[in-house]
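Descriptive structure summary
This is what each chain is made of:
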Amino acid sequence: MHILDTGVRFSAVRFSPVFNPPRRRNFTIRANLPFPKHQAKYHKELEAAIDAVDRACRLCVDVKGSLFSSKDKILEKNDQTPVTIADFGVQALVSLELSKLFPSIPLVAEEDSLFLRENNLVSSVVSEVIAKASVGDGHLSDADVLEAIDRGGKDAYTFCNKPATYWVLDPIDGTRGFLKGDDALYVVGLALVVDNEIVLGVMGCPNWPGDSSDGTTGTLMLSHTGCGTWTKSLQVSGDWTRRSVDKCGLVNKARFCIQESQPWESLPLSSLFDTKIDSGDLHGNEIRLLPTCCGSLCKYLMVASGRASVFLLRARTERTIKSWDHAVGIICVHEAGGKVTDWEGVDINLEEDQSERRIIFPRVVLWLAMEVYMISFLR
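Notes on the structure follow. As the structure is a computational prediction, the values presented were derived from the model and not from experiment.

Packing of helix H2 (residues 85–101) against helix H5 (residues 142–150) brings their axes to within 8 Å, and their N-to-C directions diverge by 90 degrees. The angle between H2 and H5 places the two elements in the roughly perpendicular class. Judged by residue contacts, Phe88, Gln91, Ala92, Ser95 and Leu96 of H2 engage Asp144, Val145, Ala148 and Ile149 from H5. Each residue belonging to the contact of H2 with H5 can be placed in one class, and the counts come to 6 nonpolar, 2 polar and 1 charged.

On to the packing of helix H4 (residues 122–132) against H5. Put simply, H4 and H5 touch, their axes get as near as 9 Å, and they point 90 degrees apart. Judged by the angle between their axes, H4 and H5 are roughly perpendicular. In this structure, H4 contributes Val122, Val125, Val126 and Val129 to the contact, and H5 contributes Asp142, Val145, Leu146 and Ile149. Counted by class, the contact of H4 with H5 contains 7 nonpolar, no polar and 1 charged residues.

How two aromatic rings sit relative to each other is given by the distance of their centres and the angle of their planes. The full count for this structure, using the stated rule, is 4 aromatic pairs. When the centroid spacing of 6.5 Å and the interplanar angle of 5 degrees are considered together, the rings of phenylalanine 88 and phenylalanine 115 count as stacked. Taken together, the positions of phenylalanine 88 in helix H2 and phenylalanine 115 in helix H3 (residues 114–118) put the pair 27 residues apart, joining distant regions of the chain. Residue class for phenylalanine 88 comes out buried when judged on its relative accessible area of 0%.

What counts, and where the lines are drawn
Residues take numbers from 1 onward in each chain, read along the sequence in its written order. Totals for whole chains, interfaces and linings use all residues, but because this is a predicted model, local features are given only for residues with pLDDT of at least 70 and pairs of side-chain atoms are given and counted only at 80 or more. Values reported for side chains reflect all heavy atoms of the structure, with hydrogen atoms and water molecules removed beforehand. Between N-to-C directions, angles span 0 to 180 degrees; the directions come from axes that are lines fitted to C-alpha atoms, helices contributing only their stretch in contact. We count a stretch as a helix when DSSP gives it H or I for four or more residues in a row; a strand needs E for two or more, and each element gets its number in order from the N terminus. Between 65 and 115 degrees an angle is taken as roughly perpendicular, under 35 as roughly parallel, over 145 as roughly antiparallel, and anywhere else as oblique. Contacts were defined at the residue level, with two residues in contact if any of their heavy atoms lie within 4.5 Å. Just so you know the grouping, Ala, Val, Leu, Ile, Met, Phe, Trp, Tyr, Cys and Pro go in nonpolar, Asp, Glu, Lys and Arg go in charged, and all remaining residues, Gly too, go in polar. Pairing of aromatic side chains requires ring centres within 6.5 Å, counting the rings of Phe and Tyr and the six-membered ring of Trp. Pairs whose planes differ by under 30 degrees are stacked, by over 60 edge-to-face, and all others tilted. Only protein chains enter the accessibility calculation, which uses a 1.4 Å probe; a residue whose area is less than 20% of its type maximum is buried, one above 50% is exposed, and one in between is partly exposed.

Here it is, written out as structure tokens:
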């Protein structure tokens, strides 16, 4: 184990298309930024992203409320990953909202419409999208919604190794959590890439445990390069709060977090440290382990908000890791003063996939929040 001094600012992550823009529609934006607009080069894009994620989270909440009242609300794709009307609805809604202001910026996202077409579920998605879309989209057709979904689908664009600008969307990260119940966390995540650099990100988590005394739940986190990471209560008017990672620089003082499907014993640290979950004093080689969380983007919320010092994940080498599972979280952690690396301390490179920009080549990943130090583990 090595503890390395990394006091310099972390560089933004880089990664890169040709695009046929959709037709323009009317739009409204209801977003305020926590910092002066002149400080944010991409403030217009950030405002649009905030508005789109906010609408998407409200769609999720409404669909979840009726999830178990209708069997056709719950689907399962061929890869056995649960997916709901909300996944497709969010992708269509975000695609439509962003294309109004930025019709020339393409979208890289998780879903495509083939599954909906094959299962005759298009009308269910269209009704959800119309209910949450901005003024002017009340007459959306089935074709409009399917086109919006496929705008982010596989093979929608021709990519090359030249610098480009595009959105990266995970419509619902943590779908299994979405299906479990009110306490399970799931996240809508959206990032913007400009000339191979992640320049902004917005995450919405409708059932994130509230930070305020009024008992409200749900959070919206945003980040813009050079402007920090901020949160506010979701769907509630209020002030933004700047977030920073845990400033702890010692292993035995840090709060560790791991994925629920991955036991502590499977990680290299287990040979060096025992874990303690309760709030009692630590003894000997014990370290503090927070309750496990699901594998969604909530891990980045945990680290960027300072609730967890470190998130560890040892991915199987044969596992395919997608760009939308990480892009927005990476910039939120970086702008909060943390760092995201693989187990050897190397920055995550999202441009390794030269042809599609959809896959991060299989590697073992470490999420790290410590402000001054970086822990790197050799395999």
